[in-house]
Amino acid sequence: MGTVGDAEKKPTVVFVLGGPGSGKGTQCANIVEHFGYTHLSAGDLLRAEMKSGSENGTMIQDMIKEGKIVPSEVTIKLLQKAMHDSGNDKFLIDGFPRNEENRAAFEAVTKIEPAFVLFFDCSEEEMEKRILNRNQGREDDNIETIRKRFKVFLESSLPVVKYYDSKGKVQKVDAAKSVDEVFEVVKVIFTPKDEKVKHHGCAIL
Ligand SMILES: Nc1ncnc2c1ncn2[C@@H]1O[C@H](COP(=O)(O)OP(=O)(O)O)[C@@H](O)[C@H]1O
Ligand SMILES: Nc1ccn([C@@H]2O[C@H](COP(=O)(O)OP(=O)(O)O)[C@@H](O)[C@H]2O)c(=O)n1
Ligand SMILES: [Mg+2]
């Protein structure tokens, strides 16, 4: 097997974007169960790297505490390693690219274009409520850092969503509903077209 990004066989990548607390991780877990993707959360990979005592650990911790975006070089290396180690060829990349630098560097390094971008649309009020109830012991889930993360989302991450929207690649989902209701919509997006026809009973004709 070649390395990730080889010209001959590129993996399928779906970027999963949305504000902090919009439900990216929750929905990715559901997608993995039903559609055989491997879920790679950039935030989870960075937190694991931080805890592993790597030389970048302190820098990553400082950035996360401030809600800032870690330089792409670090995050892309972690993503590439996780893709390679998974043995799979279908990935949900959750929480990445979070700014223009992330986006351009990933494309330049891996030569991978996303199949599409799944975008969870949710109000700040709802996202704030969810994060404050998340209880995962994260150092950035406090009101002060949450405000900073919302600002970074609006200023740096939404432009990436707009970029992909201009290329017709964004599947926008109303994420303000219940987990099950959101997944009903997500399921339709991931179900292959011929399967959708079968479910309507037309494929046997
Ligand atoms: N549709 C939803 N309705 C209510 N709570 C949700 C919903 N989706 C996720 N949550 C909860 O909100 C919190 C944030 O969800 P998470 O999946 O971690 O979001 P993200 O990865 O986008 O930050 C979690 O505690 C999760 O259980
Ligand atoms: N591409 C990324 C993704 C996350 N991160 C950092 O990790 C933090 C948490 O990201 P996350 O995706 O786990 O957060 P949620 O959106 O899931 O709440 C971000 O606020 C950034 O500090 C990053 O620097 N670059
Ligand atoms: Mg998450």
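Per chain, the residues get numbers from 1 upward, laid out in the order the sequence is written. Chain letters and ligand numbers both follow the written order, the letters beginning at A and the numbers at 1. Where local features are concerned, this predicted model is filtered to residues with pLDDT of at least 70; where side-chain atom pairs are given and counted, the filter is 80 or more; whole-chain, interface and lining totals use all residues. Hydrogen atoms and water are omitted, and side-chain values are computed over all heavy atoms in the structure.

### Observations regarding the environment of Val16
So, step 1. Locating Val16 in the fold gives a position in strand S1 (residues 12-18).
So, step 2. Take Val16: its relative accessible area is 0%, and that puts it in the buried class.
So, step 3. Should any heavy atoms of two residues lie within 4.5 Å, those residues are considered in contact. The contact partners of Val16, leaving out residues within four places of it in the chain, are Lys24, Cys28, Leu92, Ile93, Asp94, Gly95, Phe96, Leu118 and Phe120. Strands are runs of DSSP state E lasting at least two residues, helices are runs of H or I lasting at least four, and both sets are numbered from the N terminus onward. Burial classes follow relative accessibility: with a 1.4 Å probe on protein chains only, a residue under 20% of its type's maximum area counts as buried, one over 50% as exposed, and anything between as partly exposed.

### Focus: unusual backbone geometry
Peptide bonds are, in most cases, trans, and in most cases residues other than glycine have a negative phi.
So, step 1. Cis geometry is adopted by the peptide bond preceding Pro97, which originates at Phe96 and carries an omega value of 0°.
So, step 2. Mapped onto the elements, Pro97 comes out in the loop between strand S3 (90-94) and helix H5 (100-110).
So, step 3. Even without being glycine, Lys111 reaches a positive phi, approximately 60°.
So, step 4. Secondary-structure assignment places Lys111 in the loop between H5 and strand S4 (116-121).
So, step 5. The class for Lys111 is exposed, based on a relative accessible area of 52%.

### Observations regarding the UniProt feature "binding site: ATP" (unreviewed entry) in the protein chain
So, step 1. What UniProt calls "binding site: ATP" (unreviewed entry) maps, in this numbering, to Gly21, Ser22, Gly23, Lys24, Gly25, Thr26, Arg134 and Lys177.
So, step 2. The residue Gly23 is located in the loop between S1 and helix H1 (24-35) in this model.
So, step 3. Under the relative-accessibility criterion, Gly23 is labelled buried at 17%.
So, step 4. Once you skip the residues sitting within four places of it in the chain, Gly23 turns out to touch Phe120 and Arg130.
So, step 5. One can find Lys177 in the loop between strand S5 (170-174) and helix H8 (179-190).
So, step 6. Classification of Lys177 by relative accessible area gives partly exposed; the value is 42%.
So, step 7. For Lys177, the contacting residues outside a window of four places in its chain are Arg130 and Val182. UniProt positions are given in the numbering used here, feature names are shortened, and annotations may be inferred rather than shown by experiment.

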